[in-house]
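The residues making up each chain are set out below.
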Amino acid sequence: MNVVFSKWPKKIISSSVAWALSSALALSALAQTNAPATVATNKLPEWITRPLSIADALNTTLQQNGTILKAKNDLEATYGLVVQTRAFVIPTIQATGVYTDTDPTAINQFPSSGTNSSVQAHQSWNAGFRVVQRIYEGGKLGSAIRSARLTKEQALLQYQTVIADTLLLTRVAYYDVLLDAQQIVVNEASVNLLGKELDDQQRRYKAGTVPRFNVLRAEVAVANARPALIHARNNYRIAKNVLSNLLGYNLPDYIWEDIPLQLTDQLTAEPYQIDLPAALMQALEKRTELAALRKAELLQRENVINARSGYQPSVQAFAGYGWQNQQFSTDLSQELHGWNVGAQLQWSIFDGFLTRGQVMQAKALQEKSKTDLDDTARRIELEVRTAYSTFLEAREVLESQVKVQEQADEALRLARARADAGSSTQLDVLDAETSLTQARSTQIQALRDYDVARARLERAIGQEMIQAAGK
């Protein structure tokens, strides 16, 4: 199934621009009226008031977000583990030194009847160094090199997964701030519209053309509209706090009511082309979670090799140089020195089935890693299908709202004209005003849902977030 999105009609784009301009003005006034007095007496930091596009937000998240920074620390720690794993195949250099002073009465002397008998010294010392290299470990040497490489690659993939998930959260939070800002404008317009209706009914009531009931109904309508505005303003404050947290901002303590973020992007409906079979294929190929699990399966295979090495001998070669005092001289400065070279073999003939148990465990974990990979692949396929379906829904809802606002505006105009002519009631006007507010709110919500659905779909197929946001 192919879905191609052509350019959206100019009406909806122009409507979005108009709402963007009106929201900027309204939010500017809102910031001036709602800003706490303490903020006015403190200079706001430049990093919080500078214009912030969605690409800037994503880049700031990469630099400052706590989750990403912790993941980076985990990555560096894993690199330390890689060095430890690789050390198994590198020669080791061992240096030793010993000095001993023993009670002369506890030393066993050679029996001799002569006066020049050799006496073993009660003081002794020796020193030396030795280079040891593992020659054969039953497959462990090659496995250590491969395991180090796989561990490093797996850690990097897991780090990339954390980045992708966190950037998606930032992108959605950015859209939520834009949505809530627009909802404030919509609800303020609704309250103002109903307020004008109340003023009109009060004038008519004073003129004796309408009953007191009309005034009461208009007052109730205004009162019912105010909670939605209060709720929108609260959502706007919370959304900016969520975005600031994802950006890693340490907010000054004097900013306690409203964060003065200046977002430069707007909710838009950029055309997007997607093919579900290709999306599934791309997800299976590019999702870092799957790539990390493939590395995990290969690591488990190396663990099987390491477990089986217990059946094989261990061979090491060594070479060194040593110094020691002469054993049968009391002069510690008399020394012997020279080189030594050799090899050593160790083979556990029977270990009480320890190796057998380790092999069984390693094989079971390898099978588990395969099952985990298959299960995660199915889960990702489901995620792609769900995100694709949600994207289609958001697109269809957005398309259905192209002309709704124009129709709601026209319906309100006709309702007022009919009310002025006496052919309709006040209830018709209030219903038309409510429908207009709902149409505006639904259109803004549809734009946000479209952008969020697209972002989630791009994450599901493994598309890079910053690159996607720049398109």
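Residues numbered from 1 in each chain as written. Predicted model: local features only at pLDDT ≥ 70, side-chain atom pairs only at ≥ 80, totals over all residues. Heavy atoms only, no water.

Participant: Now, about the overall build of the chain: what can you tell me, with residues and values included?
Facilitator: Each helix and strand counted, the chain has 13 helices and 8 strands in total. Buried positions account for 40% of the 471 residues belonging to the chain. Considering only residue pairs separated by 6 or more positions, the chain has 84% of its internal contacts joining residues 24 or more positions apart. (Helix = DSSP H or I, 4+ residues; strand = E, 2+ residues; numbered from the N terminus. Buried < 20%, exposed > 50% of the residue type's maximum accessible area, 1.4 Å probe, protein only. Contact = heavy atoms within 4.5 Å.)

Participant: Mind laying out the pattern of salt bridges, listing which residues take part and the relevant values?
Facilitator: This model, assessed by the stated rule, comprises 19 salt bridges. The shortest N-O distance in the salt bridge between K370 and E367 comes to 3.8 Å. Of the two residues, K370 and E367 are both situated in helix α10 (residues 354–400); the distance of 3 residues between them amounts to about one turn of the helix. Looking at E367, the relative accessible area reads 45%, which means it is partly exposed. Ionic pairing is found between E458 and R454, a salt bridge with its closest N-O pair at 2.9 Å. (Salt bridge = Lys/Arg side-chain N within 4 Å of Asp/Glu carboxyl O.)

Participant: Lay out helix α4 (residues 54–64) in plain terms, naming residues and giving numbers.
Facilitator: Among the residues of α4, I54, A57, L58, T60 and T61 are the ones counted as buried. Buried residues in α4, looked at end-on, bunch into an arc of 160°, giving them a common side. (Arc of directions from axis to C-beta.)

Participant: Talk me through the environment of L229; I want residue IDs and the actual numbers.
Facilitator: Mapped onto the elements of the fold, L229 is located in helix α7 (residues 212–246). Once the C-alpha coordinates of L229 and V191 are considered, the two residues, 38 residues apart in sequence, prove to be 8.0 Å apart.

Participant: Any chance you could break down the nonpolar core for me, citing the residues and the numbers?
Facilitator: If you look at soluble globular proteins, the nonpolar side chains tend to sit buried side by side. Among the nonpolar cores identified, the biggest contains 66 residues, and L243, L263, I274, V384 and L457 are the most heavily contacted of them. Listing elements by their share of this core, those giving two or more residues are α4, α6 (140–207), α7, α8 (276–286), α9 (288–308), α10 and α12 (426–460). When residues in this core are grouped by element, the largest group, 14 residues, is from α6. One finds A71, L75, I163 and L167 within the second-largest nonpolar core, a separate group that totals 8 residues. (Core = buried A, V, L, I, M, F, W, Y, C linked by side-chain atoms within 4.5 Å.)

Participant: An account of the packing of aromatic side chains is requested, with residue identities and associated values reported.
Facilitator: Considering all chains together, one arrives at 4 aromatic pairs under this definition. Aromatic pair Y272 and F391: ring centres 5.7 Å apart, planes at 80°, arrangement edge-to-face. Taken together, the residues span a long stretch of sequence, with Y272 in the loop between β5 (262–263) and β6 (274–275) and F391 in helix α10 at a distance of 119 residues. Of the residues examined, F391 reaches a relative accessible area of 0% and is grouped as buried. A network of ring pairs unites the aromatic residues Y272, F391 and Y450 as a single cluster. Sitting over the ring of Y205, R212 keeps its end group 5.9 Å from the ring centre. (Phe/Tyr/Trp six-rings, centres within 6.5 Å; stacked < 30°, edge-to-face > 60°. Lys NZ or Arg CZ within 6 Å of the ring centre and 35° of its normal.)

Participant: Break down α7 for me, citing the residues and quoting the values.
Facilitator: End to end, α7 covers 52 Å across 35 residues, agreeing with the expected 51 Å (1.5 Å per residue, within 8%). Phi turns positive, to about 75°, at G248, one or two residues after α7. (Expected span 1.5 Å × (residues − 1).)

Participant: Residue-level account of a nonpolar patch on the surface, with values.
Facilitator: A surface patch of nonpolar side chains, about 670 Å² in accessible area, is lined by L345, W347, I349, F350 and F353. Residue placement: F353 occurs in the loop between β8 (335–346) and α10. Exposure remark for F353: the relative accessible area of 53% places this residue in the exposed category. (Patch = residues over 30% accessible without salt bridge, like charges linked within 9 Å, V, L, I, M, F, W, Y side chains within 5 Å. Areas by Shrake-Rupley, 256 points an atom, 1.4 Å probe, with all protein chains shown as cover.)

Participant: So what's going on with the sheet that holds strand β7 (residues 314–325)? Which residues, and what values?
Facilitator: The sheet built from 4 strands is open, its strands ordered β3-β4-β7-β8 with antiparallel pairing. Across the chains shown, the open sheet's two edge strands, defined by having one partner strand only, are β3 (92–101) and β8. Averaged over all pairs of adjacent strands, the angle between strand axes in this sheet comes to 20°, irrespective of strand direction. Judged from the 10 bridges that link them, strand β4 (residues 123–136) and β7 form a sheet pairing that is antiparallel. (Pairing = 2+ DSSP bridges. Axes fitted to C-alpha atoms, helices over the stretch in contact; angles between N-to-C directions.)

Participant: Just give me the short version of the pairing of β4, but keep the residues and values in it.
Facilitator: Judged from the 10 bridges that link them, β3 and β4 form a sheet pairing that is antiparallel. For Y99, the partnering residue across the bridge sits in β4 and is W125.

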